[in-house]
Amino acid sequence: MTRHPPRTGVAGPRRALVVAGAAAGALVPLRFARAQAFPNKPIKLVVPFPAGSATDTIARVIGASVSSAVGQPVLVENKAGADGAIAGAEVVRAAPDGYTLLMATNSPMAAAPAMKKNPPYDPITDFTPISDIGRYTFFIVVHPSVPAKTVAELVAFAKAKPGELNYATGNTTGIVSMALFNALGGVKMTHVPYKGEPQALTDLVSGRVQVMVVSSGTSLPHIREGRLRALATTLDKRSPALPDVPTIAEAGMPQFRLTSWAAVFGPAKMPRDVVERLNREFVAAIGRPDVQQAMEKQAFMLQGSTPEQLGALVKEQFESYKSTMKIAGIEPE
């Protein structure tokens, strides 16, 4: 009597193929389920500047819009210091699960690493790009006690009184911008650094310092009410918020080129589906009318992107800041 092997339903090699195919097919719904489940708890959005700063305002407006869309709180956490590097380092160390994000600017992602011989992180490899958010409007402003009403007049006044004018900075944009201004203008002003822009602006309005490169979000009310005088914008086109104020190129310094931007990042090696979900939500938020209206008041120009476009921006800006620092005479510390 011939004995036959027990039937298993599928021959060995064929059964292996079926099992492998089933496993591969299962990845799609599992991946989809994870994306659908995210987020299922609050998201922390770390801001590298103090409460009340322009970046803090932007983060809170956009974070609230994302929160409403995803049904989970987006909690803004201010971690000021070290030109944004403290906040950047915290996000680098966080779990890459999408629940800890950085509302970064050119300070922690370009300027701060370029200004250090041994930077605390690599802005290109230690983060996951999520989406560009937009561009800041910065103005070169003076206290009314300074008689200059144009950039040329400020340069002439500073040359006549070398070292007597004090300029304030509250972030790396201010530090690099004013160093570049001094270098291009051939002038010498005294640097007074602050931990954040709000503190610097307080002393500027009081007259303790006389010059500053300051963001529109914090300076516009003071400019409009005459407590400060705007001489130029660092943008390559005039700001709709102050259309009578010339660009720095129009004011006589076409070599002055410095971009100030904001974008959202996470730690390195985040799952692609989580990145895609976050990208969709942040891009959708900056397209909503209420967000656009709030940002218009800040003279902040919204601009979304793909993660890949943001990654390319970081690489370009990192190299740009290193070149600008050489022109400004800033050596890495």
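What you see is a predicted model, and the numbers here were worked out from it, not measured in a lab.

Calculation notes
Residues numbered from 1 in each chain as written. Predicted model: local features only at pLDDT ≥ 70, side-chain atom pairs only at ≥ 80, totals over all residues. Heavy atoms only, no water. Helix = DSSP H or I, 4+ residues; strand = E, 2+ residues; numbered from the N terminus. Contact = heavy atoms within 4.5 Å. Core = buried A, V, L, I, M, F, W, Y, C linked by side-chain atoms within 4.5 Å. Buried < 20%, exposed > 50% of the residue type's maximum accessible area, 1.4 Å probe, protein only. Pairing = 2+ DSSP bridges. Axes fitted to C-alpha atoms, helices over the stretch in contact; angles between N-to-C directions.

(A) Representation of the environment of A85 in the model. Mapped onto the secondary structure, A85 falls in helix α3 (residues 85-93). In this structure the C-alpha to C-alpha distance between A85 and M109, which are 24 residues apart in sequence, comes to 8.4 Å. Leave out the neighbours within four places in its chain, and A85 touches P108, P120 and Y121.

(B) Just the nonpolar core, in detail. Membership of the largest hydrophobic core comes to 66 residues, with the highest contact counts inside it found for I62, I133, L154, F181, M189 and L278. Contact partners of L278, with chain neighbours within four places excluded, come to F38, I43, G98, L101, I130 and M270. Core analysis: the second largest hydrophobic core is formed by 17 residues, F139, L204, A241 and L242 among them.

(C) The arrangement of the sheet that holds strand β5 (residues 138-142) in detail. With respect to topology, five strands assemble into an open sheet ordered β7-β6-β8-β5-β9, the strand pairing being mixed. Each edge of the open sheet carries a strand with a single partner, namely β7 (190-193) and β9 (229-233). Taken over all neighbouring pairs, the strand axes of this sheet differ in orientation by 30 degrees on average, direction set aside. The sheet contact formed by strand β6 (residues 166-169) and strand β8 (residues 211-215) spans two bridges and is parallel. Of the residues in β8, the one forming a bridge with A168 is M212.

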